[in-house]
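Coordinate inspection notes
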Amino acid sequence: MKLVWSPETASKAYLDTVKSCENLETPDAAELISAMAAGWNAKLIVETWSYGDAIASSIGLNVASQHANAKHICIVQNAKSESAYLQAIQESSSPLNLPETIIADEPENAMKEIQGIDFLVVDWRNKEFAACALRNAAFGSRGAVVVCRNGYSRSSSGFSWRRALREREVVRTVTLPVTGGIEIAHVAAKNSGKSEKSKRRWITHIDQRSGEEHVFSI
């Protein structure tokens with residue numbers, strides 16, 4: 001069994017995220033990330049977040065979790081980050097739909113306790129934190145989608161998806177030229193055939209500042 005794309009769910013999450021983030025100064029392509037998480041029907045969404053990071057993509061993931069009926073977990077480094085994260089989420093979400101938070105100086109132990117991740121988002125501005133999360137992620141048998149925000153800096157550091165996710169096959173990687181670069185990797189479902197490599201889905205992203213429309217293959 002593999003992750004199955006639902007364009008209807010993706011569209012709903014996209015539109016709801018646009019509404020939720022319309023007052024934020026840095027939309028951070030949140031609607032794009034939300035649409036991917038919901039569209040792939042992820043049941044376990046995990047992200048890393050550090051104090052000072054943009055909150056838009058986290059709001060988008062929270063919206064996606066409601067559309068996909070998924071569990072949403074955020075790993076933070078300390079209590080200060082947790083407090084700032086939850087406060088920012090509460091300002092745009094229902095108190096009944098807050099993500100679960102886990103405090104971990106190093107995400108290694110926390111990631112090992114979370115089994116069956118379908119959708120993982122990390123931010124490469126906190127390189128060590130993000131890399132540790134990637135190395136120790138336990139993905140589900142249906143495969144997974146991994147998103148690295150601010151990915152341009154990741155590319156210049158010599159990082160390789162296949163080295164970071166060496167225990168699972170990476171069937172496709174995509175770089176989207178928005179908000180500092182968004183890198184996406186598709187992790188194969190266990191015992192999946194070669195046919196998965198030929199499957200692509202398309203998603204439209206409208207830049208909220210310029211109004212330009214971009215169509216990406218994900």
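Our subject in this report is the structure included herewith. (Residues numbered from 1 in each chain as written. Predicted model: local features only at pLDDT ≥ 70, side-chain atom pairs only at ≥ 80, totals over all residues. Heavy atoms only, no water.)

Quick notes on the packing of helix 1 (residues 7–20) against helix 3 (residues 56–68)
Our working rule: To define axes, lines are fitted to C-alpha atoms, for helices over the stretch in contact only, and angles between the resulting N-to-C directions are given on a 0 to 180 degree scale. For the purposes of this entry, the term helix denotes a DSSP run of H or I that reaches at least four residues, the term strand denotes a run of E that reaches at least two, and both are numbered from the N terminus. Each angle is binned into one of four classes, with values under 35 degrees roughly parallel, values over 145 roughly antiparallel, values of 65 to 115 roughly perpendicular, and all other values oblique. Handedness of a crossing is defined here by the sense of rotation of the near helix relative to the far one, left-handed for an anticlockwise turn of less than a right angle and right-handed for a clockwise turn. Contact definition: two residues touch when any of their heavy atoms are within 4.5 Å.
With their axes 9 Å apart at the nearest point, helix 1 and helix 3 run at an angle of 140 degrees to one another. The pairing of helix 1 with helix 3 is recorded here as oblique in orientation. Read as a crossing pair, helix 1 and helix 3 show a hand that is right-handed. Each of Thr9, Lys12, Ala13, Asp16, Thr17 and Ser20 in helix 1 lies in contact with helix 3, whose residues at this interface are Ile59, Gly60, Val63, Ala64 and His67.

Some thoughts on the side chain of Ser81
Its place among the elements puts Ser81 in helix 4 (residues 79–90). Excluding residues within four positions of it along the chain, Ser81 makes contact with Trp49, Ser50, Tyr51 and Val76.

Points about the pairing of strand 8 (residues 170–176)
Under the convention used in this document: Between buried and exposed lies partly exposed: a residue is buried under 20% and exposed over 50% of the maximum accessible area for its type, with that area taken using a 1.4 Å probe on protein chains only. If DSSP finds at least two bridges between two strands, the strands pair.
Among the 7 residues that make up strand 8, 5 are buried, leaving the element largely enclosed by the rest of the structure. Note: strand 8 against strand 9 (residues 182–187), 6 bridges, orientation antiparallel. Bridge pairing links Thr173 to Ala185 in strand 9. Between the end of strand 8 and the start of strand 9, which pair antiparallel, lie 5 residues, with Thr179 showing a positive phi angle near 40 degrees.

Describing the pattern of salt bridges
Just so we agree on the cut-off: One side-chain nitrogen of Lys or Arg within 4 Å of one carboxyl oxygen of Asp or Glu is enough to make a salt bridge.
What the rule picks out here adds up to 5 salt bridges. The residue Asp118 makes a salt bridge to Arg142 at a minimum N-O spacing of 3.1 Å. Of this pair, Asp118 sits in the loop between strand 4 (115–117) and strand 5 (119–123) while Arg142 sits in the loop between strand 6 (138–139) and strand 7 (144–149); the two residues are 24 residues apart in sequence, bridging distant segments of the chain. With a shortest N-O distance of 3.2 Å, Asp123 and Arg149 are connected by a salt bridge. Of this pair, Asp123 sits in strand 5 while Arg149 sits in strand 7; the two residues are 26 residues apart in sequence, bridging distant segments of the chain. As far as the burial class goes, Asp123 and Arg149 line up, both buried. Through salt bridges with shared partners, a single ionic network connects Asp123, Arg125 and Arg149.

Observations concerning the sheet that holds strand 3 (residues 100–103)
The strands making up a sheet associate through hydrogen bonds between their backbones, and the pairing can be parallel or antiparallel. With mixed pairing, the 7 strands of this open sheet are ordered in space as 3-2-1-5-7-9-8. Among the strands making up the open sheet, the edge pair consists of strand 3 and strand 8. This sheet shows a mean twist of 15 degrees between the axes of neighbouring strands, independent of strand direction. In the packing of helix 2 (residues 30–39) onto the sheet, the strands contacted are strand 1 (44–49), strand 5, strand 7, strand 8 and strand 9, and the crossing angle to strand 5 comes to about 155 degrees. Seen against the sheet, helix 6 (residues 127–135) touches strand 1, strand 2 (71–76), strand 5 and strand 7 and runs at an angle of roughly 155 degrees to strand 5.

Details of the side chain of Asp123
In plain terms, the rule: Side-chain atoms alone can form a polar contact between residues adjacent in sequence; in general such a contact is a pair of N or O atoms within 3.5 Å, and within protein one must be able to donate a hydrogen while the other accepts it.
The class for Asp123 is buried, based on a relative accessible area of 2%. Within polar-contact distance, the side chain of Asp123 engages the side chain of Arg149 at 3.2 Å.

A few points about the environment of Val122
Of note, Val122 is situated in strand 5. Using a relative accessible area of 0% as the deciding quantity, one classes Val122 as buried. Placed 29 residues apart in sequence, Val122 and Gly151 show a C-alpha to C-alpha distance of 9.6 Å. Those residues in contact with Val122 that lie beyond four places of it in its chain are Thr48, Ala130, Ala133, Leu134, Val147, Cys148 and Arg149.

Observations concerning the packing of aromatic side chains
Each aromatic ring pair is characterised by the separation of its centres together with the angle its planes make. The test is simple: Two aromatic rings, drawn from Phe, Tyr or Trp (for Trp, its six-membered ring), form a pair once their centres lie within 6.5 Å of each other, and the interplanar angle then sorts them: stacked below 30 degrees, edge-to-face above 60, tilted otherwise. Whether a charge lies above a ring is judged from NZ of Lys or CZ of Arg, which has to be within 6 Å of the ring centre and within 35 degrees of the ring normal.
One pass over the structure, following the stated rule, counts 2 aromatic pairs. Here the aromatic rings of Trp5 and Trp40 are separated by 5.1 Å at their centres, their planes lie at 65 degrees, and the arrangement is edge-to-face. Taken as a pair, Trp5 in the segment before helix 1 and Trp40 in the loop between helix 2 and strand 1 lie far apart in primary sequence, 35 residues in all. Both residues of the pair, Trp5 and Trp40, belong to the buried class. The aromatic ring of Tyr51 is capped on one face by Lys80, whose charged end is 4.3 Å from the ring centroid.

Without other data, these values stay purely geometric and don't point to any function.
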